[in-house]
Amino acid sequence: MSSNDIAISVKNLSKCYQIYETPRDRVKQAILPRLNRLTGKEPNRYFREFWALKDVSFEVKKGETVGIIGRNGSGKSTLLQLICGTLSPTQGSVVVNGRVAALLELGAGFNPEFTGRENVYMSAAILGLTKDEIDTRLDDIAAFADIGQFIEQPVKTYSSGMYVRLAFAVNIVSDPEIMIVDEALAVGDMAFQAKCMTALTRIQDRGATVLFVSHDIGALKSLCSQGVYLQKGVVKKIGPAGDVAEQYVRSMREEMNSDFSLNGKPEQLKVGVDTQTLEPISMSEFKVGVEFERRVASFRYGDGGVKITFAELLDEDLNPINEVRFNQCVNVKIYFESDIQTNVGCNYYILDDKRNLILGASLDLINIEQPLMSIKSGGKYIVTYKTRLPLQEGSYSVQLQIVSPLVLNHSAKFLDVIDNAVVFKVAVKDGSRIWTKAFVENHVEINSCL
């Protein structure tokens with residue numbers, strides 16, 4: 001790939017901070033090592049190192065939107081500051097090609113004594129706009145920020161929401177080649193967040209490069225083509241945004257399971273369907289798929305105790321299918337076996353090609369009285385969901401979950417989870433194409449008023 005196609009290049013980037021236990025140690029570090037070297041002694045060190053980032057490398061192509069995700073303290077904001085040049089790296093390099101607009105924190109760069117208008121002129125000038133360009137765009141900035149007459153008041157009188165609205169408006173209306181956004185947008189209200197997402201989509205359409213940090217999995221999947229997952233300052237995964245988001249969710253679930261194993265006990269839920277009272281079916285109907293298990297091995301995770309042995313998508317006549325018609329009736333059939341005795345939920349979710357959740361069901365949504373199954377060690381079970389798929393044409397996948405609720409409808413221990421358990425396509429709707437991911441039949445009434 002030509003270097004002209006790269007907007008941001010990060011190579012072996014590391015940032016180390018010196019952590020001092022007391023102010024006295026900071027003074028010692030400033031003076032004593034020099035004295036030690038003058039006297040020929042090995043200098044002592046009065047601090048410990050904290051590596052906020054360690055050997056991070058990736059590239060962002062021009063016109064690409066990349067999301068950075070990770071837990072608090074994983075190094076996301078440090079990475080953005082290094083890219084913007086507000087921090088200097090300990091090791092490695094950053095190369096940025098293009099005019100950058102960065103929104104790293106509330107009102108960064110604003111002078112609290114200046115009015116909103118004065119700060120607009122100052123910030124836009126820093127971004128490279130001439131006075132004539134700022135004059136032309138000032139009304140657009142004021143309209144986007146929607147702070148009314150406060151534009152003439154010192155920004156020290158602003159609420160946090162007003163700060164971020166004005167800062168984002170300046171950055172977005174400056175028409176940057178590269179837009180870098182930290183989690184500052186999280187302070188905005190619902191209407192402003194929707195406006196920001198629309199604005200980001202528009203600058204994407206104009207060919208700008210966008211790099212942003214978010215904890216919003218949905219935003220990452222829908223806005224980004226690529227993702228970077230940071231964990232304790234190290235890149236854990238780089239790739240398509242949907243895959244990176246799923247890896248992040250998977251890691252969080254595994255961590256929740258680990259924390260529960262050490263510290264928790266499940267809520268005693270005596271609301272499970274007693275499977276021993278159900279009408280038994282022949283053991284010959286239970287399926288174990290060797291090829292299925294091989295295919296899903298890299299997509300499976302969980303704490304164990306139960307194991308999904310097979311899954312299939314069937315039509316109304318119970319024939320396996322991998323392509324469905326719009327709104328076709330289908331069966332999602334899940335086979336699993338247990339080595340433990342507990343109450344579990346058996347869930348399925350349908351995801352689109354960007355890994356967004358579109359449809360799904362769980363036992364508690366269908367059977368409010370008995371939202372779980374009571375399973376026993378050595379048991380084998382088949383769960384069949386019958387549903388319709390009123391979906392837009394395209395590729396979809398099915399995620400399966402066997403969970404043991406900790407607090408019903410709030411948190412669960414994930415025993416066995418399989419992504420891409422079934423992959424299928426939906427054909428174009430006959431008669432009239434749909435433009436949303438799903439379409440539910442409507443009743444319409446049309447009247448004419450004279």
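In the block above lies the structure referred to throughout.
Keep in mind the model is a prediction, meaning the values are calculated, not measured.

K.L.:
Got a minute to help me understand the overall build of the protein chain in this structure?
P.N.:
Each helix and strand in the protein chain was counted, giving 10 helices and 20 strands. Seen through its C-alpha atoms, the protein chain measures out along the principal axes to roughly 85 × 80 × 45 Å. By the burial criterion, 45% of the 450 residues in the protein chain qualify as buried. The long-range share in the protein chain, meaning contacts at least 24 apart out of those at least 6 apart in sequence, stands at 73%. As displayed, the protein chain has an accessible area near 24200 Å², and 50% of this comes from carbon and sulfur atoms.

K.L.:
Sorry if this is basic, but what is going on with the environment of Gly-304 here?
P.N.:
Looking at the secondary structure, you find Gly-304 in the loop between strand 11 (300-301) and strand 12 (306-314). Spatially, the C-alpha atom of Gly-304 lies 9.9 Å from that of Lys-413, the residues being 109 residues apart in sequence.

K.L.:
Explain the nonpolar core to me, please; I cannot follow it from the model alone.
P.N.:
Grouped together as the largest cluster of nonpolar side chains are 48 residues, with contacts concentrated most on Val-120, Leu-166, Phe-168, Ile-172, Met-179 and Leu-200. The element best represented in this core is helix 5 (residues 160-173), accounting for 10 residues. Beyond its immediate sequence surroundings of up to four residues, Val-120 is in contact with Ile-134, Leu-138, Ile-141, Ile-151, Leu-166 and Val-170. Membership of the second largest hydrophobic core comes to 38 residues, among which are Val-324, Val-332, Leu-363 and Ile-418.

K.L.:
How should I be thinking about the pattern of salt bridges in this particular structure?
P.N.:
Close approach of charged atoms allows side chains of opposite charge to pair. Scanning all chains against the criterion turns up 18 salt bridges. When the shortest N-O distance is used, the salt bridge between Glu-113 and Lys-156 registers 3.1 Å. One end of the pair, Glu-113, is in the loop between strand 5 (100-103) and helix 3 (116-126); the other, Lys-156, is in the loop between helix 4 (131-145) and helix 5, and 43 residues separate them in sequence. Among the residues examined, Lys-156 registers a relative accessible area of 52% and is labelled exposed. Taken together, the salt bridges that share partners define one network made up of Asp-352, Asp-353 and Lys-437.

K.L.:
I'm lost on the sheet that holds strand 4 (residues 91-96) in this one. Help?
P.N.:
Through backbone hydrogen bonds, the strands of a sheet pair up, either in parallel or in antiparallel fashion. If you trace the three strands from one edge of the open sheet to the other, you get 2-1-4, paired in antiparallel fashion. The open sheet has two edge strands with one neighbour each: strand 2 (48-61) and strand 4. Put simply, the sheet's adjacent strands are angled 20° from each other on average, direction ignored. Note: strand 1 (residues 6-19) against strand 4, five bridges, orientation antiparallel. Residue pairing for strand 4: Ser-14 is matched across the bridge by Gln-91.

K.L.:
How do you make sense of the side chain of Ser-251 when you look at a structure like this?
P.N.:
Its location among the elements puts Ser-251 in helix 8 (residues 241-263). Judged by its relative accessible area of 5%, Ser-251 is buried. A distance of 3.5 Å separates the side chain of Ser-251 from the side chain of Tyr-229, its partner in a polar contact. Residue contacts for Ser-251: discarding those within four places in its chain leaves Tyr-229 and Lys-236.

K.L.:
Help me understand the sheet that holds strand 5 in this model?
P.N.:
Within the open sheet, the six strands sit side by side as 5-6-7-3-8-9. Their pairing is mixed. Strand pairing shows two members of the sheet lacking a second neighbour, strand 5 and strand 9 (234-240), which therefore form its edges. Neighbour to neighbour, the strand axes of the sheet diverge by 15° on average, direction disregarded. Examined bridge by bridge, strand 6 (residues 178-181) and strand 7 (residues 209-213) share four bridges and lie parallel to one another. By the bridge assignment, Met-179 is partnered in strand 7 with Val-210.

K.L.:
Teacher, can you tell me more about the packing of aromatic side chains here?
P.N.:
One pair of aromatic rings is described through two measures. These are the centre distance and the angle between the planes. The final tally for this structure, using the stated rule, is 13 aromatic pairs. Relative to Phe-424, the ring of Tyr-396 has its centre 5.9 Å away and its plane inclined at 20°; by these criteria the two rings are stacked. A residue pair is termed long-range when its members are at least 10 positions apart, and Tyr-396 in strand 19 (residues 394-407) and Phe-424 in strand 20 (residues 411-426) qualify at 28 residues. In this arrangement the basic side chain of Lys-15 is found over the ring face of Tyr-17, its NZ or CZ atom lying 5.3 Å from the centre. One Lys or Arg, Arg-45, reaches over the ring of Phe-47 and ends 5.1 Å from the middle of that ring.

K.L.:
I tried to follow the side chain of Arg-355 on my own but got confused; where do I start?
P.N.:
Within the secondary structure layout, Arg-355 lies in the loop between strand 15 (342-351) and strand 16 (357-361). Taking the relative accessible area as the measure of exposure, Arg-355 reaches 7% and is therefore buried. Excluding residues that lie within four positions of it along the chain, Arg-355 makes contacts with Lys-221, Gly-242, Asp-243, Glu-246, Ser-397, Asp-419 and Asn-420.

Conventions and cut-offs
Residues numbered from 1 in each chain as written. Predicted model: local features only at pLDDT ≥ 70, side-chain atom pairs only at ≥ 80, totals over all residues. Heavy atoms only, no water. Helix = DSSP H or I, 4+ residues; strand = E, 2+ residues; numbered from the N terminus. Buried < 20%, exposed > 50% of the residue type's maximum accessible area, 1.4 Å probe, protein only. Contact = heavy atoms within 4.5 Å. Areas by Shrake-Rupley, 256 points an atom, 1.4 Å probe, with all protein chains shown as cover. Core = buried A, V, L, I, M, F, W, Y, C linked by side-chain atoms within 4.5 Å. Salt bridge = Lys/Arg side-chain N within 4 Å of Asp/Glu carboxyl O. Pairing = 2+ DSSP bridges. Axes fitted to C-alpha atoms, helices over the stretch in contact; angles between N-to-C directions. Polar contact = N/O pair within 3.5 Å; in protein donor to acceptor, adjacent residues only side chain to side chain. Phe/Tyr/Trp six-rings, centres within 6.5 Å; stacked < 30°, edge-to-face > 60°. Lys NZ or Arg CZ within 6 Å of the ring centre and 35° of its normal.

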